[in-house]
Amino acid sequence: MAQKAVQLDRETFSCSICLDLLKDSVTTPCGHSYCKNCINDHWDTEDEKRIYSCPQCRKSFTPRPELLKNTMLAVLVEQLKKTGLQAAPADLCYAGPEDVACDVCTGRKLRAVKSCLQCVASYCEKHLQPHYESAAFKKHKLVEPSEKLQENICSRHDEVMKMFCRTDQQCICYLCSVDEHKGHDTVSAAAERTERQRELEGSRHNIQQRIQDREEDVKLLQQEVEAINGSADKAVEHSEKIFTQLIRLMEERRSDVKQQVRSQQETEGSRVKELQEKLEQEITELKRKDAELKKLSQTEDHNQFLHNYPSLSALSESTHSSSIKIRPLKYFEDVTAAVSELRDKLQDVLRETWTNISLTVTDVDVLLPQPEPKTRADFLRYSCVITLDPNTANTKLLLSEGNRKATLMIGQQSYSDHPDRFTNSNQVLSEESLTGRCYWEVEWDDGKCGVGVGVAYKSISRDGSEDECRFGRNDKSWVLDCSSSSYEFYHNNVHTPVSGPRSSRVGVYLDHSAGILSFHRVSDTMTLLYSPDYIH
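Note that the coordinates shown come from a computational prediction; the quantities given were computed from them, not determined experimentally. (Residues numbered from 1 in each chain as written. Predicted model: local features only at pLDDT ≥ 70, side-chain atom pairs only at ≥ 80, totals over all residues. Heavy atoms only, no water.)

(A) Broad picture of the overall build of the chain. Within the chain one finds 10 helices and 21 strands. Taking all 536 residues of the chain together, 23% fall into the buried category. Across the chain, the fraction of contacts at a sequence separation of at least 24, relative to all contacts at a separation of at least 6, is 45%. Total accessible area on the chain stands at roughly 37,500 Å², and carbon and sulfur atoms take up 52% of it. (Helix = DSSP H or I, 4+ residues; strand = E, 2+ residues; numbered from the N terminus. Buried < 20%, exposed > 50% of the residue type's maximum accessible area, 1.4 Å probe, protein only. Contact = heavy atoms within 4.5 Å. Areas by Shrake-Rupley, 256 points an atom, 1.4 Å probe, with all protein chains shown as cover.)

Below, the structure is given as structure tokens:
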């Protein structure tokens, strides 16, 4: 009895908003007490209405009343705290707004710990004890506390619905099964639950398997990211080394050219200067000789003239001016021209090489879902060069233009025997294996016979019946037969008529990993002619 009195005292001095002992207790005009912060917070939410109500009795006040401290309650609460009753005992957990309340408790209800499907009621720990102790309740089904127990009651007969109508796919009570559901396929709710549980477990198994598969995919993608990053880092590092080597080589060649030009400049300058000095010496000697001859020519004494004339020294050999060739401003033009030619060649090589590098970098992609190309420019991003394989060409096909063109001939061509050659069908395969995303275009003479354009596995038969060898007549090939009047698609010997604008050029797009094959009329907008559902 003492314990019950303590419990009642605690309930009396608890705030009905926070369900804890009162803190800074205040009293409303209607006489109910709350924690000061709790009632203020509650009324703050009602400011817009300008009507303030008591959470317990719902009495309204206008305007917002002034709250006064309840001194007596504050003293009593402090005394209760000193007795060690700061928290409720474990078996007195009161039901909060989000909890399921015990249906048996009176007054302030405790939180339910179980709900009974037979009793259609929820119980706290105390009121649940009969279900554990009495044999009458042994077969009752206890579940986690639920607020939806009334959904188990038949609204028409007010009975617990223990049966399931498979015809109408709904839960029913026993009276329903002999009334409006008479003659329907009915089973016990437990039996239907067992069946649905089996289906649910199957669904869960599938979901868990898909989760496991997706987790594996995520791991693979993470590995792919790491591989991409590692490969990109290596490519950048390697390309940096190569470009550094190229720059160093260019610097060395620039230095070599500069050194050779300067060396040749010095050599030729020295040679010219030496020749210049010889000419200047010759000029000095000639002037001296001319002065002597002039002086002799002015001698009036004939005997003296004849006496001195033999003593004049002979002239030295003259430097022939015809051996000196002047090429103004053209000494090293050949070097400049050679360097310019080297620059032009390097620019061409770098331009061509850069295009290949750019295409190669662009072609690096992960097999993730991507939007399908629409314009011709989009398709050309995946353009590949198709070269026809002469080892597979039928002997009535003439290959030309670097094995890029095939012509149907009347007579047979002199091809050597090869196990890959088509013997009974006028067909030829490409030398290239098609992987990833590929696009190519096929053009033919529309005024002559039609053409078949498609893809095939390398394992397609080369020598056998038409169904084994001919494109589209087996499960190893897909083909669009094009003529001047119609299109027809074949796969696994299934014929599909194809409508669309006529054209003598067809573009073929293949995304093997995604199972996509499509044929298009080539134009800026690329009209789709046909695409099978899926290829594999």
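(B) Structural context of the packing of aromatic side chains. In total, this model carries 10 aromatic pairs according to the counting rule given. Aromatic pair W43 and Y52: ring centres 6.0 Å apart, planes at 65°, arrangement edge-to-face. The same class applies to W43 and to Y52, which are both buried. Both rings, one in F489 and one in Y530, keep their centres 4.6 Å apart while their planes meet at 40°; by these two values the pair is tilted. Of the two residues, F489 sits in strand β17 (residues 487–491) while Y530 sits in strand β21 (residues 527–530), which places them 41 residues apart along the sequence. (Phe/Tyr/Trp six-rings, centres within 6.5 Å; stacked < 30°, edge-to-face > 60°.)

(C) How the structure looks around the sheet that holds β17. The four strands are arranged β15-β16-β17-β18 in an open sheet whose pairing can be described as antiparallel. Two strands close off the open sheet at either side, each with one partner strand: β15 (451–456) and β18 (494–498). Pairs of neighbouring strands in the sheet enclose a mean axial angle of 20°, with direction left out of account. Relative to β18, β17 runs antiparallel, the two sharing five bridges. In the strand pairing of β18, H491 is matched with V494. (Pairing = 2+ DSSP bridges. Axes fitted to C-alpha atoms, helices over the stretch in contact; angles between N-to-C directions.)

(D) Highlighting the nonpolar core. If you look at the biggest cluster of nonpolar residues, it comprises 19 residues, and the most contacted ones within it are W440, L480, V506, V508, L517 and F519. Where this core is concerned, the elements lending two or more residues are β14 (437–443), β15, β16 (477–482), β17, β19 (505–511) and β20 (516–521). Residues within four places of V506 in sequence aside, it is in contact with W440, E441, V442, W444, L480, C482, F519, H520, V522 and L529. (Core = buried A, V, L, I, M, F, W, Y, C linked by side-chain atoms within 4.5 Å.)

(E) Just the sheet that holds strand β9 (residues 163–165), in detail. Pairing within the open sheet is antiparallel, and its three strands lie in the order β10-β9-β11. Each edge of the sheet is formed by a strand with only one pairing partner; in this case those strands are β10 (170–172) and β11 (186–188). Sheet twist, expressed as the mean angle between neighbouring strand axes with direction ignored, is 35°. One ladder, built from three bridges, connects β9 with β11; its direction is antiparallel. Directly across from C165, in β11, lies its bridge partner T186.

(F) Local environment of unusual backbone geometry. A cis amide bond links T62 with the next residue in sequence, P63, at an omega value of 0°. Mapping P63 onto the fold places it in the loop between β4 (60–61) and β5 (68–69). The backbone of N493 shows a phi angle near 65°, a positive value even though the residue is not glycine. In this structure, N493 sits in the loop between β17 and β18. Its relative accessible area of 42% is what places N493 among the partly exposed residues.

(G) Expanded view of the side chain of S503. The residue S503 is located in the loop between β18 and β19 in this model. A polar side-chain atom of S503 sits 2.9 Å from the main-chain carbonyl oxygen of R505. Sequence-distant contacts of S503, defined by excluding residues within four places in its chain, comprise W444, Y487 and R521. (Polar contact = N/O pair within 3.5 Å; in protein donor to acceptor, adjacent residues only side chain to side chain.)

(H) Summary view of a nonpolar patch on the surface. On the surface, I242, F243, L246 and I247 cluster together into a nonpolar patch covering about 350 Å² of accessible area. Residue position: I242 is located in helix α6 (residues 189–297). (Patch = residues over 30% accessible without salt bridge, like charges linked within 9 Å, V, L, I, M, F, W, Y side chains within 5 Å. Salt bridge = Lys/Arg side-chain N within 4 Å of Asp/Glu carboxyl O.)

(I) A look at the pattern of salt bridges. Following the criterion strictly, the structure yields 24 salt bridges and no others. Across the pair R64 and D44 runs a salt bridge whose closest N-O atoms are separated by 3.0 Å. Residue R64 is found in the loop between β4 and β5, and its partner D44 is found in helix α2 (residues 36–44); the two are separated by 20 residues along the sequence. Here R64 falls in the partly exposed class, since its relative accessible area comes to 29%. A salt bridge links R156 to D179, with the nearest nitrogen and oxygen atoms 3.5 Å apart. Of this pair, R156 sits in the loop between β8 (142–143) and β9 while D179 sits in the loop between α5 (174–177) and β11, placing them 23 residues apart in sequence. Given a relative accessible area of 54%, R156 falls into the exposed group. Judged by relative accessible area, D179 falls into the partly exposed class, the value being 37%. Among the charged side chains, a network of salt bridges with common partners joins R376, E441, E443 and R505.

(J) The side chain of S177, seen in detail. Note on placement: S177 falls in helix α5. Engagement of the side chain of S177 in a polar contact is seen with the backbone oxygen of Y174, the distance being 2.5 Å. Setting aside its immediate chain neighbours within four residues, S177 contacts M163, I172 and K182.

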